[in-house]
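Structure at a glance
Here are the chains, one letter per residue:
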2 protein chains.
Amino acid sequence: MAASRERIREVVDRYVGLVASGTAAEIVDLYAEGATVEDPVGSDVLKTRESITAFYSALEGLEQRTRLLAVRIAGGEAAFHFEVQTVADGVTYTLAPFDVMTFDDDGRITSMRAYWGDDDMTIG
Amino acid sequence: MAASRERIREVVDRYVGLVASGTAAEIVDLYAEGATVEDPVGSDVLKTRESITAFYSALEGLEQRTRLLAVRIAGGEAAFHFEVQTVADGVTYTLAPFDVMTFDDDGRITSMRAYWGDDDMTIG
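A brief report on the enclosed structure follows. Computed from a prediction, not measured in an experiment: that's the story for all the values here.

How each quantity is defined
- Residues numbered from 1 in each chain as written.
- Chains lettered and ligands numbered in written order.
- Predicted model: local features only at pLDDT ≥ 70, side-chain atom pairs only at ≥ 80, totals over all residues.
- Heavy atoms only, no water.
- Contact = heavy atoms within 4.5 Å.
- Buried area = accessible area lost by both parts, 1.4 Å probe.
- Salt bridge = Lys/Arg side-chain N within 4 Å of Asp/Glu carboxyl O.
- Polar contact = N/O pair within 3.5 Å; in protein donor to acceptor, adjacent residues only side chain to side chain.
- Helix = DSSP H or I, 4+ residues; strand = E, 2+ residues; numbered from the N terminus.
- Nonpolar A, V, L, I, M, F, W, Y, C, P; charged D, E, K, R; others polar.
- Buried < 20%, exposed > 50% of the residue type's maximum accessible area, 1.4 Å probe, protein only.
- Phe/Tyr/Trp six-rings, centres within 6.5 Å; stacked < 30°, edge-to-face > 60°.
- Pairing = 2+ DSSP bridges.
- Least-squares fit on C-alpha atoms with pLDDT ≥ 70 in both.

**So, the interface of chain A and chain B**
- Between chain A and chain B, the residue contacts involve 23 residues of the former and 23 residues of the latter.
- In total, chain A and chain B occlude about 1900 Å² of area from one another, counting both sides; carbon and sulfur atoms represent 60% of this.
- Looking at the side of chain A facing chain B, the largest losses of area belong to Arg-72, Phe-98 and Tyr-115 of chain A, adding up to 38% of the total buried there.
- The interface formed by chain A and chain B holds 5 salt bridges in total.
- Of the charged contacts in the structure, one is a salt bridge between Arg-5 of chain B and Asp-119 of chain A, with a shortest N-O distance of 3.6 Å.
- The interface formed by chain A and chain B includes 8 residue pairs in polar contact (both at pLDDT 80 or more).
- Elements represented by at least two residues in the side of chain A that touches chain B include exactly strand 2 (63-74), strand 3 (77-88), strand 5 (98-103) and strand 6 (109-115) of chain A.
- No other element matches the 5 residues that strand 3 of chain A contributes to the side of chain A that touches chain B.
- The class makeup of the residues in the side of chain A that touches chain B is 13 nonpolar, 4 polar and 6 charged.

What follows is the structure, given as structure tokens:
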């Protein structure tokens, strides 16, 4: 049976929180074995645990804030809009991607695809 | 070559406008031959021109307003958040789905998947 809406919502909330302040290992724990990551959409699809861990490790040293702006759950999938603010040298970089995730029956993420482009970044 | 960001943005704007005030035929004209529609995600995928036309025909008689809230374009695909308000008997029903669309090289929609659930509808 597909994961419940409540379970999927929980995982999305946890994901958004961990992008701000979690370790790569904590984030990767949300993913199922064999999961894929395409961030941004159109880039190479990450298909191994090692490559996904490396991807999130790049965030670990950064000062980041995140907030979930809106989420829609349907058919055991989620689409959500969230904002990531990264502060470096007193400059704030803001990006608000749309992520689409699929889940297994236990609510582990089986795929993540992030929609954003360089043009969507604001600096202030 | 994949459709440009500008072209995709144009089609998304046109789609959102036509959902409010267009005919089913005008909306279906935005779709490529062989396109699919899954609205909401998890429901039966519409795979024929006839079934997609019938789906949008159901909107034709309604008093609707739409507005695009946010759009992200990446890898020749679009994800966007838009609001649909339907007024019936003095009551306003508001739904703000996340739609994901893929496009062919000419910017015709090859697939549309809409993320929303009954819980996302507000009545006022």
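There's plenty left to go through after this.
**Points about the pattern of salt bridges**
- For the structure on display, the rule yields 19 salt bridges over all chains.
- With a shortest N-O distance of 2.8 Å, Glu-38 of chain A and Arg-113 of chain A are connected by a salt bridge. You can see Glu-38 of chain A sitting in strand 1 (residues 31-38) and its partner Arg-113 of chain A sitting in strand 6, a full 75 residues away along the chain.
- Asp-120 of chain A serves as the salt-bridge partner of Arg-72 of chain B, at 4.0 Å between the closest nitrogen and oxygen. One end of the pair, Arg-72 of chain B, is in strand 2 (residues 63-74); the other, Asp-120 of chain A, is in the loop between strand 6 and strand 7 (122-123), on a second chain.
- By relative accessible area, which is 12% here, Arg-72 of chain B ends up buried.

**What about the packing of aromatic side chains?**
Residues and elements named next belong to chain A.
- Enumeration over the complete set of coordinates arrives at 13 aromatic pairs over all chains.
- Consider the rings of Tyr-31 and Tyr-56, whose centres lie 6.1 Å apart with planes at 40 degrees: the pair is tilted. Placement of the pair is Tyr-31 in strand 1 and Tyr-56 in helix 3 (residues 49-60), with a sequence separation of 25 residues. Comparing Tyr-31 with Tyr-56, the two get one shared label, buried.

**Section: the pairing of strand 4 (residues 91-95) of chain B**
All names here are of chain B.
- Bridge analysis of strand 3 (residues 77-88) against strand 4 gives 5 bridges, and the strand direction is antiparallel. In the sheet register, Ala-88 faces strand 4, and the bridge partner there is Val-91.
- Adjacent in sequence and paired antiparallel, strand 3 and strand 4 are bridged by 2 residues, among which Asp-89 carries a positive phi angle near 55 degrees.
- As defined by bridge partners, strand 4 adjoins strand 7 (residues 122-123) across 2 bridges and the pair is classed as antiparallel. Bridging from a neighbouring strand, Tyr-93 pairs with Ile-123 of strand 7.

**Here's the deal with the relation of the copies chain A and chain B**
- Rotating chain A by 180 degrees about the axis while translating it 0.0 Å along that axis superimposes it on chain B, leaving an RMSD of 0.0 Å. The superposition of one copy onto the other is thereby described by a two-fold rotation axis.
- Mapped onto chain B, 100% of the interface residues of chain A again fall at the interface, so both copies present the same surface.

By themselves, these observations are geometric and do not establish any function.
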